[in-house]
Amino acid sequence: MTNREKLRELLLDILLLDPSEFHFDLKRDEVETWDSMSVVAIAVGVDEDFGYHFSPEEAMAITGVADIMSTLESKGISFAE
Amino acid sequence: MPNDPAIRPLDGLDPQRLGETRLLATRSVRDRIAALPFATARDIDELAAGLETLIVVGGGKLMDEAKYWRFTKSPDTRLIAIPSIWGSGAESSPVAVLNRNGEKRIHIDDRLVPNERCVWPELAESIPVPRARDACGDTWSHALEGFLSPLASAQLRSQLAVIIRELTGLPLTNDPAWFEPSAQACAAQAQSSVGLVHGIAHTLEGPLRKAQPEAGWGHARLCANFIWPVMEFNRNRNDKWTDLADRHELDEAAVFERLRDLHDPSVYDQTLKTLDAMWPDILRDVCTRTNSALVRESTRSWFLDRSFE
């Protein structure tokens, strides 16, 4: 499974989305279930699946899927297609 | 512990200091409260706003009603809480869970915390052992889920580690030594969060009670029977528990031995059909979403297949 697929699966599970609702440009304010509890769950899930632990500041600054990918890419985790 | 009410010895309940006082007690301890020099109220509706002191002796349900009454009707009343059983931690928590027409309503406010709490050790004698064991499971769940919470600070974890070490040495029975660490564990987890055990308990207790009204299903029994499977899931899913237990010098083997002792496979089996049906609601529960390991759709099979055994 590629990192893009892993991230997609992770966010589908956490945000309880139908696969058709997901895209990599998705913003936090477009998803009703992306509340502060989901921010915590995303931090836990990213740690488990990608081995990177978001700081509280990083986690709170996330405004969409692209922010998660760019933070992880800055740590050497590639999301190249 | 932050937010934990002041602790007062039982013989420190001086009528002259407390002023106009009413005593509200759960039925199971009414014989014992005759020893206290205060007028009693039969139920919450008998209480008048403006009362100087309300002493409530009971379990979480009555205590939460008293907390909410004080909060909404008589905010200047001094509230003194004496638990008749441990586990809920209502005597030290800013949460009040109320049942209104079969619907559970949760209120959270620091002003719900009682002003003082007392331990009355002899009340433990009247707790049936199976109920006491379930209450031990509730206490263990508060301590471990608060300790592992992604929202816990390093300082809070250190405080909870002390409590976990104390719990490891306590027998799973009606021993009054449970009162104090239970109150402390609840006050501590209120500063972080709980996790999947509570997500499961909150989701299943209503449907199980409705389906089997005579079976006595309740929050504590579910906590007692799910804390071991959930902790095994947490331990299996990531290294957080192992790392933190090591850092805080917790005896992992002794902790898991206690959790296994709390688990009754025949009770657990009775929950599985409901757990399977309610899994989507468990995933949505706010407690589940702050579990220390990520809980996903696929996690359902961990419980249904008993992968923890």
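First, a word on scope: everything that follows refers to the structure included in this document. Worth saying up front: this structure is predicted, and the values here are computed from it rather than measured.

Parameters at a glance
Residues numbered from 1 in each chain as written. Chains lettered and ligands numbered in written order. Predicted model: local features only at pLDDT ≥ 70, side-chain atom pairs only at ≥ 80, totals over all residues. Helix = DSSP H or I, 4+ residues; strand = E, 2+ residues; numbered from the N terminus. Buried ≥ 20, exposed ≤ 12 C-beta atoms within 10 Å, placed from the backbone. Contact = placed C-beta atoms within 7 Å. Rg over C-alpha atoms; globule rule 2.2 N^0.38 Å. Axes fitted to C-alpha atoms, helices over the stretch in contact; angles between N-to-C directions. Left-handed = near helix turned anticlockwise from the far one by under 90°. Nonpolar A, V, L, I, M, F, W, Y, C, P; charged D, E, K, R; others polar. Arc of directions from axis to C-beta. Pairing = 2+ DSSP bridges. Core = buried A, V, L, I, M, F, W, Y, C linked by C-beta atoms within 7 Å.

### Here we look at the overall build of chain B
Per the secondary structure count, chain B includes 13 helices and eight strands. Considered along the principal axes of its C-alpha atoms, chain B spans approximately 60 × 40 × 30 Å. In chain B, which comprises 309 residues, the proportion classed as buried is 46%. Across chain B, every contact between residues at least 6 apart in sequence was considered, and the portion connecting residues at least 24 apart equals 77%.

### What about the overall build of chain A?
Along chain A, the regular secondary structure elements total four helices and zero strands. Ordered by position from the N terminus, the helices and strands of chain A form the series α-α-α-α. For chain A, the C-alpha radius of gyration of 11 Å lies close to 12 Å, the compact-globule estimate for 81 residues. A principal-axis box enclosing the C-alpha atoms of chain A has dimensions of 30 × 30 × 20 Å. Residue burial in chain A is summarised as follows: out of 81 residues, 21% are buried. Considering only contacts in chain A between residues 6 or more positions apart, those separated by 24 or more positions represent 51%.

### Comments concerning the packing of helix 4 (residues 129-148) of chain B against helix 5 (residues 154-168) of chain B
All names here are of chain B. At a minimum axis distance of 9 Å, the contact between helix 4 and helix 5 shows a crossing angle of 150 degrees. Note on packing geometry: the crossing formed by helix 4 with helix 5 is left-handed. When helix 4 is examined against helix 5, the residues Thr139, Trp140, Ala143, Leu144, Gly146 and Phe147 are found in contact with a partner set consisting of Arg157, Leu160, Ala161, Ile163, Ile164 and Leu167. Among the residues making up the contact of helix 4 with helix 5, the classes are represented as nine nonpolar, two polar and one charged.

### Here's the deal with helix 10 (residues 252-262) of chain B
Residue and element names in this part refer to chain B. Within the sequence span of helix 10, burial applies to Val255, Arg258, Leu259 and Leu262. Take helix 10 and look down its axis: the buried residues cluster within an arc of 100 degrees, on one side only. Away from its buried face, by an angle of more than 90 degrees, helix 10 presents the exposed residues Ala253 and Glu257. On its buried face, helix 10 sits against helix 4, helix 5 and helix 8 (219-237).

### What to know about the packing of helix 1 (residues 3-15) of chain A against helix 2 (residues 36-50) of chain A
Residues and elements named next belong to chain A. One can describe the packing of helix 1 onto helix 2 by two numbers: an axis separation of 10 Å at closest approach and a directional angle of 145 degrees. For the pair helix 1 and helix 2, the crossing hand works out as right-handed. For the pair formed by helix 1 and helix 2, the contact residues are Lys6, Leu10, Ile14 and Leu15 on the first element and Ser38, Ala41, Ile42, Gly45 and Asp49 on the second. Looking at the contact of helix 1 with helix 2 residue by residue, the class counts come to five nonpolar, two polar and two charged.

### Concerning the interface of chain B and chain A
On the side of chain A, 10 residues touch chain B, which itself brings 14 residues to the contact. Each residue belonging to the side of chain B that touches chain A can be placed in one class, and the counts come to six nonpolar, three polar and five charged.

### Some words on the pairing of strand 2 (residues 21-25) of chain B
On a regular strand, each side chain points to the face opposite its neighbour's, so the side chains alternate between the two faces of the sheet. All names here are of chain B. For strand 2, the buried fraction is high: four of the five residues fall into the buried class. Strand direction decides the pairing type here: strand 2 and strand 4 (residues 53-58), joined by five bridges, are parallel. Following the sheet pairing, Leu24 is matched in strand 4 by Val56.

### As for unusual backbone geometry
Phi is positive for Leu16 of chain A, close to 55 degrees, though the residue is something other than glycine. Its place among the elements puts Leu16 of chain A in the loop between helix 1 and helix 2. The exposure class of Leu16 of chain A is partly exposed, given the 16 C-beta atoms found within 10 Å. In the Ramachandran plot, Glu249 of chain B falls in the positive-phi region, its phi being about 55 degrees despite a non-glycine side chain.

### Things to note about the nonpolar core
All names here are of chain B. Counting residues in each nonpolar core, the largest one holds 93 residues, and the members touching the most others are Val56, Ala143, Val197, Ile200 and Ile227. Top contributing element to this core by residue count: helix 8, with 10 residues. With sequence-adjacent residues up to four places away left out, Ala143 is seen in contact with Leu160, Ile163, Ile164, Leu167 and Ala185.

### A short note on the sheet that holds strand 2 of chain B
Residue and element names in this part refer to chain B. The strand order across the open sheet built from six strands is 1-8-5-4-2-3, with neighbouring strands paired in parallel fashion. Only two strands of the sheet have a single neighbouring strand rather than two, namely strand 1 (6-7) and strand 3 (39-41). In this fold helix 3 (residues 60-73) packs onto strand 2, strand 4 and strand 5 (78-83), with an angle of close to 160 degrees to the strand it touches most, strand 4.

### Brief notes about helix 6 (residues 179-189) of chain B
Residue and element names in this part refer to chain B. In terms of burial, helix 6 is largely enclosed, as 10 of its 11 residues are buried. Turning to helix 6, its buried residues number three or more, namely Phe179, Pro181, Ser182, Ala183, Gln184, Ala185, Cys186, Ala187, Ala188 and Gln189. In this structure, the buried residues of helix 6 make contact with strand 5, strand 8 (116-117), helix 4 and helix 5.

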